Amino acid sequence: MSIKIYVNGKYCDKQEAKISVFDHGLLYGDGVFEGMRSYSRLIFRLKEHIDRLYESARAIKLQIPVGKRVLAGIVLKTVALNDLENAYIRLVVTRGVGDLGLDPRKCSGRPSIIVIADKIMLYPEKYYKQGLAIIIARTQQNSIRALNPAIKSLNYLNNIMAKIEAANSGREEAIMLDAKGYVTECTGDNIFIIKNSVVYTPPLSVGILKGVTRDAVIEIARKRKIMLKERNFKCEKVYSADECFLTGTAAELIPVVKVDSKKIAFGRPGPMTLLFSQECHRMARVDGVRY
Ligand code: PXG
C-alpha cells in the first residue's frame, strides 16, 4: 500500500503528492514546518508542536488558513490513514504559489499545507548504546537578528552547512556556536551537558529552537529534583563535561561521548544521561494524543 500524503485538502498517493515549482517554499524556503513522532498510536506533544508551528508562522507573517484544531485533526487523520503504530510526521506550511520574485505579497494568498506520515528514521542503534562523536562547526549559528533560530522555517541551510562539516569529518552531528563563541544547539538537536551532577543547557536567549524534547528533559529534571540550569557556556565546558547528550524529536535522546578530538569523561554514556533517556522513553509512551 502506498502511503497517503495530505496536500492542500486531499489525501494523495505518494506519486500524486505534488506541489507547484512556483511554490515559495521551494523557491525561497519561505515557510515553516514541524517534525513530530508517534509511539504506539500516540502523538507525542501534538499541542506543543502545533503551537510552535503557529508561532513560527506568526514570526514570518504567514497566516495559516486553518485553525489549530482543524490542523491537528488533519495530522491525526493522516497518521491513522497510514495505519502506522510508530510514525515520524512532517507538517509543512509554505507561503504558497507565487511568481519568480520573492515578494510574498505576490503569492496567491493560499499557503500550501502538507502532512507526511512515514516510518521513523533514527541513528543506528549502536550510537544510542555507545554514544555519538560530534564536532564543533565552524559555521556560525544564524544570529537572532538575521533569522531567529527559534523559528522552525524551511530555510535550514545554516544547519545543513554545519551538517556537511560534520559529515566531512566523519561525524554525525555538529555543535553550532554564536558570534561570541557560546554554544547554541546542534543542527537538528538541542544540547545538554552535565558537570558535578548539575545539568546545563543553553538558554533560549542565545538563539535556539525551543525543542519539545528539550522541554521534556527540563520537566524530568524538575520532577526528579535534579538541578538544571539554563546557562550560556562555551566549548571548553563541553570538552570538560562529565556527560553530554542531545535531544530532538527524530533522535530522541542520544549520548555524546566525543567532541572534536576530546573524549567526554570516560568516552561512554554516563549514568544521568541513561536516566534521562529512560524517562524520556517512558514519557513518550504514556503521554500523547491517540489516533
Ligand atoms: N534544534 C534544531 C535546529 C532542530 O531542527 C531540535 C533542535 C529539536 O527540537 P524538538 O522539538 O524536535 O525536540 C530540532 C528539531 C533531522 C531533523 O532530519 C531534525 C529536526 C527537525 C527536522 C529534521 O534530523 N530537529
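Criteria and cut-off values
- Residues numbered from 1 in each chain as written.
- Predicted model: local features only at pLDDT ≥ 70, side-chain atom pairs only at ≥ 80, totals over all residues.
- Heavy atoms only, no water.
- Helix = DSSP H or I, 4+ residues; strand = E, 2+ residues; numbered from the N terminus.
- Expected span 1.5 Å × (residues − 1).
- Buried < 20%, exposed > 50% of the residue type's maximum accessible area, 1.4 Å probe, protein only.
- Contact = heavy atoms within 4.5 Å.
- Phe/Tyr/Trp six-rings, centres within 6.5 Å; stacked < 30°, edge-to-face > 60°.
- Lys NZ or Arg CZ within 6 Å of the ring centre and 35° of its normal.
- Domains from an automatic or database assignment.
- Buried area = accessible area lost by both parts, 1.4 Å probe.
- Salt bridge = Lys/Arg side-chain N within 4 Å of Asp/Glu carboxyl O.
- Polar contact = N/O pair within 3.5 Å; in protein donor to acceptor, adjacent residues only side chain to side chain.

Draft legend 1. Broad picture of helix 2 (residues 46-59). For helix 2, which comprises 14 residues, the first-to-last C-alpha distance of 20 Å matches the rise-based estimate of 20 Å (1.5 Å per residue) to within 8%. Among all positions in helix 2, only Leu46, His49, Ile50, Arg52, Leu53, Tyr54, Ser56 and Ala57 are buried. At its buried positions, helix 2 is contacted by strand 3 (31-39), strand 4 (42-43), helix 3 (68-81), strand 5 (87-94), helix 7 (212-223) and strand 16 (289-290). Lys61 sits one or two residues past helix 2 and shows a positive phi near 60 degrees.

Draft legend 2. Fine view of the packing of aromatic side chains. Here the structure, examined in full by the defined rule, presents five aromatic pairs. Taking 5.2 Å as the distance between ring centres and 65 degrees as the angle between the ring planes, the aromatic pair formed by Tyr6 and Tyr11 counts as edge-to-face. Look at Tyr6 and you get buried, because its relative accessible area is 8%. Relative to Phe245, the ring of Phe192 lies with its centre 4.9 Å away and its plane at 10 degrees, an arrangement referred to as stacked. Placement of Phe192 in strand 10 (residues 190-195) and of Phe245 in strand 13 (residues 243-248) is noted, with a sequence separation of 53 residues between them. By relative accessible area, which is 0% here, Phe192 ends up buried. An aromatic cluster is built from Phe192, Phe245 and Phe276, whose rings are joined through pairwise contacts. For Lys234, the ring lying beneath its charged end belongs to Tyr182, and the centroid distance is 4.9 Å. Directly above the aromatic system of Tyr239 lies the positively charged group of Lys262, at a separation of 4.4 Å from the ring centroid.

Draft legend 3. Expanded view of the domain arrangement of the protein chain. The domain boundaries assigned to the protein chain delineate domain 1 (4-118) and domain 2 (125-288). Centre-to-centre, using C-alpha coordinates, domain 1 lies 26 Å away from domain 2. If you look at the interface, domain 1 gives 26 residues, while domain 2 gives 23 residues. A buried area of about 1,900 Å², summed over both sides, lies between domain 1 and domain 2, and 63% of it is on carbon and sulfur atoms. Considering only the surface of domain 1 that becomes buried against domain 2, Phe33, Arg45 and Arg52 emerge as the three largest contributors, covering 32% of it. For the pair domain 1 and domain 2, the number of links is three salt bridges. Glu252 is paired through a salt bridge with Arg37; the nearest N and O atoms lie 3.6 Å apart. Across the domain 1-domain 2 interface, the total number found is nine residue pairs in polar contact (both at pLDDT 80 or more). At the level of secondary structure, the elements contributing two or more residues to the side of domain 1 that touches domain 2 comprise helix 1 (24-28), strand 3, strand 4, helix 2 and strand 5. Among the elements that make up the side of domain 1 that touches domain 2, the one with the highest residue count is strand 3 (eight residues).

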